[in-house]
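A closer look at the structure
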Amino acid sequence: MIRSLSTLSCVSLALSGFSCKNRHAQSNMTSNMDSDKEEFLREFGDDYGYPNAPKNIDEIRATEFKRLDHDGQLLFLFTYTFFEQICSRKLGLPGLVYLDHAGTTLYSETQMEAIFKGLTTSVFGNPHSQSDSSLATAEIIREARQQVLDFCNASARDYKCIFTSGATAALKLVGEAFPWSSQSTFMYTMENHNSVLGIREYALSKGATSFAIDIEEAAHDGGGCKSPVSSIKVLQRPTLRRNEATLLEEEPSGNAYNLFAFPSECNFSGSRFSLHLVNTVKDDTARVLEGSPYRKGRWMVLIDAAKGCATKPPDLSKYQADFVVISFYKIFGYPTGLGALVVRTEAAKLLKKSYFSGGTVAASIADIDFVKRREGIEEFFEDGTISFLSIASLHHGFKILNTLSMSAISRHTASLATYARKILSTLRHGNGGYVCTLYGRHESEVLYDELGPIISFNLKRPDGSWFGYREVEKLASLSGIQLRTGCFCNPGACAKYLGLSHLDLLSNIKAGHVCWDDHDIVNGKPTGAVRVSFGYMSTFEDAKKLVNFIVSSFASWPTQAECVYLSRARSICFPDEGLKRSTPKYFLRSVIVYPIKSCGGFRVDSWPLSSTGLLHDREWLLKSLSGEILTQKKVPEMCLISTFIDLNLGILFVESPRCKVKLQIRFETDFSTAGGDELDLYSQRYEVRGYDNEVSIWFSNAVGRPCTLLRCSGSKNSFCPERGKTKGMCRDVETKLNFVNGAQLLLISEESVSDLNKRLSLNVQEGLERPPIQVNPMRFRPNLVISGGAPYAEDEWRSLKIGNQNFVALGGCNRCQMINLNHQEGEVRRSREPLATLASYRRVKGTILFGILLRYDNSDEVGQDMDSWLQVGQEVHPKTD
């Protein structure tokens, strides 16, 4: 059998214009990377890498972002597919590829060192005081305001900088203080963040009108140059109004104040709106909204520059918007929780503010209705003590940007996005079908500037069906690539680019889809997209690894091998069925019981079966005081808790290296005096019993957080929300279950584990610079371990018999990063394996399958007797039909 590495390599090299004869072609990949970079530099060398700055991009990455090369020290668990491991080591790619700069960019080491030095060598006083340290802090704040204005090329006479807790708070300030009336209009482009859409609530509550628009280029009959003003055409979406009974019948008057909002850069697609929109809407609204009753009044403009400022801040000397919102962590990574509203001085005077607080008033009297507000615009709107320590750190972030220059940052990030976008847009499957559908391209150079450093896309299979974006995100994480998926809190752009109608959106919501869930495909259509975004410290190697990942994981290409991967959705290779073999014999090698969910189990030579599978298996669980069910995914230390059950004594014994005393829990007498309770878990309702404080304290010490122990005393079937999905991916609710994730029992084959270990050993032989990793079946927390036959033969089983007991096979077990937790010498260590290698050859439509789930078929049993036991050494008889 040809290993999946050959497939991945051939796909990548074939689509790059190289031929691959066999798996030894990997030795040429370093030179291939060099030639790819040389070609890239020939096209983008003048824009890439900051050639005129004190440090070029390679020096910046090597000195300022070393943590990207040491991803194993992160709190999160990042793993690699087999192919990506080879690329990262042989080609010198960084350990972690961070491609979510639209979410937040990264702070540099020099930046944080300077901030820390300033905090530890200076004294910062509350700026509302008059001490020397307070006055010095006030001066730092004044300088920071000026830096923000300079960043937007805004004069201090025409604009003011109001610090807020973030861009969202700045938008909220505008919404609640804007002079809305029943004659006002709130107009906004479809491509807007939810934080902008939220302003609509203030407008509608005041009786104003609200509607979204699409902007198109107007048709021209004659020749000549087209001006930005005359080229804009507005397509109005449905009008929204509330409190209509109180509205006047006449058209809006010319005295009303209206607000138009748009992003400088769409955080979904990367489309950059032309800032000519500012002057057009303010100066020529009557023509733009010709024929609309909402064309009258005084129009003001808000720019959401939270994303756009990271690479191309608006020039307010040319485009005099009334409001611009900024988020600093999106620009230079730190600080979070700090933003700014840059407001035109004349516009600020129109805002109405009710609440007053410390710092915003010159005087107030407690027991009569008297308050005198401060006259300064910044002081008037900044409630309480502003985050002066965070504001003091802005200087160090701006220093980095000024050293590189914003124009160079814009060119650098654009070169990477253009390179990756170009390759992804032309990538095809072996049958000629396109792999990527990209969003955000616009033909009009009048309405839109060049695309920003965002690439938003979805991926298709050779048959035209979609890969779910969660599958892409999961595999990207396994490949050390951090990106974002979904709608990115931009529902208008999401619906627009994905072609989702109102009926589609409502149908998706009815089907249970909400933000941040796993419903990535509903009724055959994507509900969101994949987004990658580049920052000032991104490199060609980052972009190249992204391309390699897409090619190796999602592009299907015929190979010369016996395993033909025409669809990555069916990537499991099985043994050659053409070979003549005698009927294999299978034997039960181990039986393991896990009394407490996610804690250690114990082996037995024989064990009774019950209506829930193995007797007492997953019959207990730990719950935090907030109601969260504790598992190893969030509390890895749970694997250090060992358990054992003495059936004769009716006692559960529990030990932990963190507790000196061994805990003994009697089945019948150790419950708390309180009555039973109910618990909803995995769409099933359980009747549970709790224990007294002594037991809770023991487990709280064992896991390092307050928790309680619960025992299942009964369950009620509910429903299966994933019915109809891939076999084995639906929780078995047709039978009685304890606290298991998917089914009563999990079976693992020793031969399958052996094959996996061979592949893990091959990783080392191929030149990966890390110690070999070998796993045993217990890493997968099986209930039953069998031996005999060929690797992965169990995938085809439909039922099996062990001794006299019958079991129904429910499909493969979807593995997660929990199998990468390794218990060694009393410690829990995280690694990248074995999930990374499994992902390279055991992936089926976003799931990584290993082992099979079983249901105990006791329909012929009456009661429990010695015949309802499993015994190590019993023969296993599978059926495949």
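Residues numbered from 1 in each chain as written. Predicted model: local features only at pLDDT ≥ 70, side-chain atom pairs only at ≥ 80, totals over all residues. Heavy atoms only, no water.

1. Topic: the pairing of strand S11 (residues 370-373)
Each regular strand carries side chains that alternate between the two faces of the sheet. As judged from the four bridges shared by strand S10 (residues 361-365) and S11, these two strands associate in the antiparallel manner. Bridge pairing links Ala363 to Lys372 in S11. Following S10, the chain reverses through four residues before pairing antiparallel with S11. (Pairing = 2+ DSSP bridges. Helix = DSSP H or I, 4+ residues; strand = E, 2+ residues; numbered from the N terminus.)

2. Topic: the pattern of salt bridges
Per the stated rule, a full pass over the model turns up 36 salt bridges. Taking the shortest distance from any N to any O, the salt bridge between Glu450 and Arg272 comes out at 3.0 Å. Taken together, the residues Glu450 in the loop between strand S12 (436-439) and strand S13 (454-459) and Arg272 in the loop between strand S6 (257-263) and helix H10 (276-283) connect sequence positions 178 residues apart. Accessibility expressed as a relative area gives 41% for Glu450, which makes it partly exposed. Through salt bridges with shared partners, a single ionic network connects Glu265, Arg272, Lys307, Lys312 and Glu450. (Salt bridge = Lys/Arg side-chain N within 4 Å of Asp/Glu carboxyl O. Buried < 20%, exposed > 50% of the residue type's maximum accessible area, 1.4 Å probe, protein only.)

3. Structural notes on the state of the cysteines
Evaluation of the coordinates by the stated rule reveals one disulfide. One disulfide bridge connects Cys487 with Cys494, the sulfur atoms lying 2.1 Å from each other. Looking down the S-S bond of the Cys487 and Cys494 bridge, the torsion is -45 degrees, so its handedness is left-handed. The partly exposed category is assigned to Cys487, whose relative accessible area is 21%. Classification of Cys494 by relative accessible area gives buried; the value is 1%. With no disulfide of its own, Cys161 lies 8.6 Å from the sulfur of Cys152, the closest cysteine sulfur. Of the residues examined, Cys161 reaches a relative accessible area of 1% and is grouped as buried. Between Cys659, a cysteine without a disulfide, and Cys707, which holds the nearest cysteine sulfur, the sulfur-to-sulfur distance is 9.9 Å. Since its relative accessible area comes to 14%, Cys659 is described here as buried. (Disulfide = S-S within 2.5 Å.)

4. Brief notes about the sheet that holds strand S5 (residues 232-236)
The strands making up a sheet are joined through hydrogen bonds of the backbone, oriented either antiparallel or parallel. Spatial strand order, S2-S9-S8-S7-S6-S3-S4-S5: eight strands in an open sheet with mixed pairing. A single partner strand is all that each edge strand has here, and the edge strands are strand S2 (159-164) and S5. Sheet twist, expressed as the mean angle between neighbouring strand axes with direction ignored, is 25 degrees. Judged from the three bridges that link them, strand S3 (residues 185-189) and S6 form a sheet pairing that is parallel. What sits directly across from Phe186, in S6, is Leu259. Across the face of the sheet, helix H7 (residues 167-177) comes into contact with S2, S6, strand S7 (298-304), strand S8 (323-327) and strand S9 (339-344) while running at roughly 155 degrees to S8. (Axes fitted to C-alpha atoms, helices over the stretch in contact; angles between N-to-C directions. Contact = heavy atoms within 4.5 Å.)

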